[in-house]
Structures are given as structure tokens and as C-alpha cells.
Amino acid sequence: MSACATRERAWRLLMDRFLADCARLNELYLSMLPKRRQMARNAGFSTFRSYMAGL
């Protein structure tokens, strides 16, 4: 198997796994949003992005 074919196979396996877990990952991400916003507010930032950038 060529290096290109190996990379493509790895990418396809990764994407298949990601798509299989997509609904659960989406639930997890959505549950994190309020916590991220609260962390930013607690630290005196208006957004989580600003908090992470230290702006």
C-alpha cells in the first residue's frame, strides 16, 4: 500500500469514527458552552475567546 493510500485509509477511518459519534460529540459540546461562558465571565471577560486569548 502506498503512503498516499495509507493516509487516505487513516483519514477515512478517523472520519467514520467521528461521524459515528457525531450526535454524542454535539451533545457534549453543547453542554460545555454555558460552562465556557461562565468561566469567561468569572474571569472578567465578555467571551470565552477573549478569555482564552487573555485579551
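Cut-off values and rules
Residue numbers run consecutively from 1 along every chain, following the written order of its sequence. The predicted nature of this model means local features are confined to residues of pLDDT at least 70 and side-chain atom pairs, given and counted, to a pLDDT of 80 or more, with totals for whole chains, interfaces and linings taken over all residues. Where side-chain values are given, they derive from all heavy atoms of the structure, hydrogens and water being excluded. Strands here are runs of E lasting at least two residues and helices are runs of H or I lasting at least four, both read from the DSSP assignment and numbered beginning at the N terminus. Two things to know: the radius of gyration comes from C-alpha atoms, and the globule rule equals 2.2 Å times the number of residues to the power 0.38. For every residue, the accessible area (1.4 Å probe, protein chains only) is compared with the maximum for its type, and the residue is labelled buried under 20%, exposed over 50%, or partly exposed between those bounds. To be clear on the numbers: accessible area is Shrake-Rupley with a 1.4 Å probe, and residue cover counts the displayed protein chains and nothing else. Surface patches are drawn from residues lacking salt bridges whose relative accessible area is over 30%; two like charges belong together within 9 Å, two nonpolar side chains (Val, Leu, Ile, Met, Phe, Trp, Tyr) within 5 Å. One speaks of a salt bridge when a side-chain nitrogen belonging to Lys or Arg is within 4 Å of a carboxyl oxygen belonging to Asp or Glu. pLDDT is a residue-level measure of predictor confidence that goes from 0 to 100.

Novice: Would you mind going over the overall build of the chain in detail, with residue names and values included?
Specialist: Scanning the chain from terminus to terminus reveals three helices and zero strands. Listing every helix and strand of the chain by position from the N terminus yields α-α-α. Taking 55 residues into account, the globule formula puts the C-alpha radius of gyration at 10 Å, and the chain, at 18 Å, lies well above it. Here the chain holds 55 residues, and the buried ones make up 7% of them. Taken as a whole, the chain presents about 4900 Å² of accessible surface, with 61% of it coming from carbon and sulfur.

Novice: Give a detailed account of a nonpolar patch on the surface, specifying residues and quantitative values.
Specialist: Together, F18, L19, L25, L28 and M32 make up an exposed nonpolar region whose accessible area comes to about 450 Å². Looking at the nonpolar patch, the elements that each hand over two or more residues are helix 1 (3-20) and helix 2 (22-42). Considering each element in turn, the nonpolar patch owes the most residues, three residues, to helix 2.

Novice: Outline the pattern of salt bridges, supporting the account with residue identities and numerical values.
Specialist: According to the stated counting rule, one finds three salt bridges in the structure shown. Measuring nitrogen to oxygen at the nearest pair gives 2.9 Å for the salt bridge that ties E8 to R12. Linking E8 with R12, this pair stays in helix 1, spanning four residues, or about one helical turn. Residue E27 pairs with R24 through a salt bridge whose shortest N-O separation is 3.5 Å. Note that E27 and R24 are positioned in helix 2 at a spacing of three residues, about one turn of the helix. By relative accessible area, which is 48% here, E27 ends up partly exposed. The class of R24 is exposed, set by a relative accessible area of 52%.

Novice: Give a description of the confidence of the model for the chain that names residues and reports values.
Specialist: The predicted model of the chain has a mean per-residue pLDDT of 95, with 100% of residues at 70 or higher. Summarising per-element confidence for the chain, the mean pLDDT is lowest in helix 3 (residues 48-53) (94) and highest in helix 2 (96).

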